[in-house]
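The lines below spell out each chain.
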Amino acid sequence: MNSFGKTKRIATLALIGGSLLWSSASFAHCDSMDGPVIEDARTALKEQSVQPVLKWIDPTDEKNLTAAFNDTLEVRVASPQARKLADKYFFETLVRLHRITEGAPYTGLKPAGSASVAAKAADKALAEGKVDALAQKLGENVTNFVTKQFRETIEDANAESVPDGRQFVDNYVRYVHAIEEIHSIIANKHDEH
C-alpha cells in the first residue's frame, strides 16, 4: 500500500473511530500520562524492576529499555528535580519503544486525561471484566454511523447538476470506505494501529 493509501485509510479509520463511540477528538492512550504504559512504568520504578514494562515493547528493545531504566534509577536519587527529569526520560523511552512496536510514530507524552473516550471505555470493560455494555454501545453507534452515511449518500444519488453530483461522489466514497474499514476490522484484516 502506498503512503497516500495508508494516509487515506488512517484518515478513514480516524473518522470512523471518532464517530463510532462517543465522539472524541483525541486518540492518545498508551502515550498518556495516566495510560496503562505509564502506570506500569511507575510500578517498575517503585519496585525498582523493569519487568512490569517489558510486555509493552518488542523483545529486541529490551536491552535499550533496561539501560534507560538503570540510568533512571541511578540519576533519580540525586534530587527531586533529577528524579522528575529521569522519570520523564524513562517514560519517553518506554513509550517511544512501545509506539515502534505498534508501528506508530512517537509524538511525545500526552497529559493525563487525554485518552480517548473509546480507550477509556475499553479499559473500563477490562477492569470490570464485562464487555456487554461497551459492545452494545459500539453496536448502536456503528448502526447510527452507517445509517447516517447511507442516508447522506442516497440523498444525492440521482443528482443532475455537477455540484450535486460531486456531493454524491464525496458521500459515496466516505460511505463505501467506511463500510470497507468496518468490515476489515471485524474480519481482522486491518493492518494499521
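Preceding this section is the structure that the text describes.
Let us look at the structure shown here. (Residues numbered from 1 in each chain as written. Predicted model: local features only at pLDDT ≥ 70, side-chain atom pairs only at ≥ 80, totals over all residues. Heavy atoms only, no water.)

Focus on the packing of helix H2 (residues 36-47) against helix H5 (residues 80-102)
Put simply, H2 and H5 touch, their axes get as near as 10 Å, and they point 130° apart. The pairing of H2 with H5 is recorded here as oblique in orientation. For the element pair H2 and H5, the recorded crossing hand is right-handed. Across the interface between the two elements, Val-37, Ile-38, Ala-41, Arg-42 and Leu-45 of H2 pack against Asp-87, Phe-90, Phe-91, Leu-94, Val-95 and His-98 of H5. Here the contact of H2 with H5 is composed, by residue class, of 8 nonpolar, 1 polar and 2 charged. (Axes fitted to C-alpha atoms, helices over the stretch in contact; angles between N-to-C directions. Helix = DSSP H or I, 4+ residues; strand = E, 2+ residues; numbered from the N terminus. Parallel < 35°, antiparallel > 145°, perpendicular 65-115°, else oblique. Left-handed = near helix turned anticlockwise from the far one by under 90°. Contact = heavy atoms within 4.5 Å. Nonpolar A, V, L, I, M, F, W, Y, C, P; charged D, E, K, R; others polar.)

Brief notes about the pattern of salt bridges
Within the structure shown, the criterion is met by 7 salt bridges. Between Asp-40 and Lys-55 there is a salt bridge, with the nearest N and O atoms lying 3.1 Å from each other. Highlighted residues: Asp-40 in helix H2 and Lys-55 in the loop between helix H3 (51-54) and helix H4 (62-75), separated in sequence by 15 residues. The residue Glu-92 makes a salt bridge to Lys-88 at a minimum N-O spacing of 3.9 Å. Here the residue Glu-92 and the residue Lys-88 both occupy positions in helix H5, the gap between them amounting to 4 residues, near one helical turn. (Salt bridge = Lys/Arg side-chain N within 4 Å of Asp/Glu carboxyl O.)

Here we look at the packing of helix H7 (residues 132-155) against helix H8 (residues 162-186)
Running from N to C, H7 and H8 point in directions that differ by 155°, and their axes come no closer than 8 Å. Taken together, the axes of H7 and H8 lie roughly antiparallel to each other. Where H7 crosses over H8, the handedness of that crossing is left-handed. The residues of H8 that touch H7, namely those facing Val-142, Phe-145, Val-146, Gln-149, Phe-150, Glu-152 and Thr-153, are Phe-168, Asn-171, Tyr-172, Arg-174, Tyr-175, Ala-178, Ile-179 and Ile-182. Considering only residue class, the contact of H7 with H8 consists of 10 nonpolar, 3 polar and 2 charged.

Here we look at unusual backbone geometry
Of note in the backbone geometry, Gln-48 takes a positive phi value of approximately 55° without being a glycine. Along the chain, Gln-48 falls in the loop between H2 and H3.

Let's talk about the side chain of Asp-87
Topologically, Asp-87 is positioned in helix H5. When near neighbours in sequence (up to four residues on either side) are disregarded, Asp-87 contacts Leu-45, Thr-72 and Arg-76.

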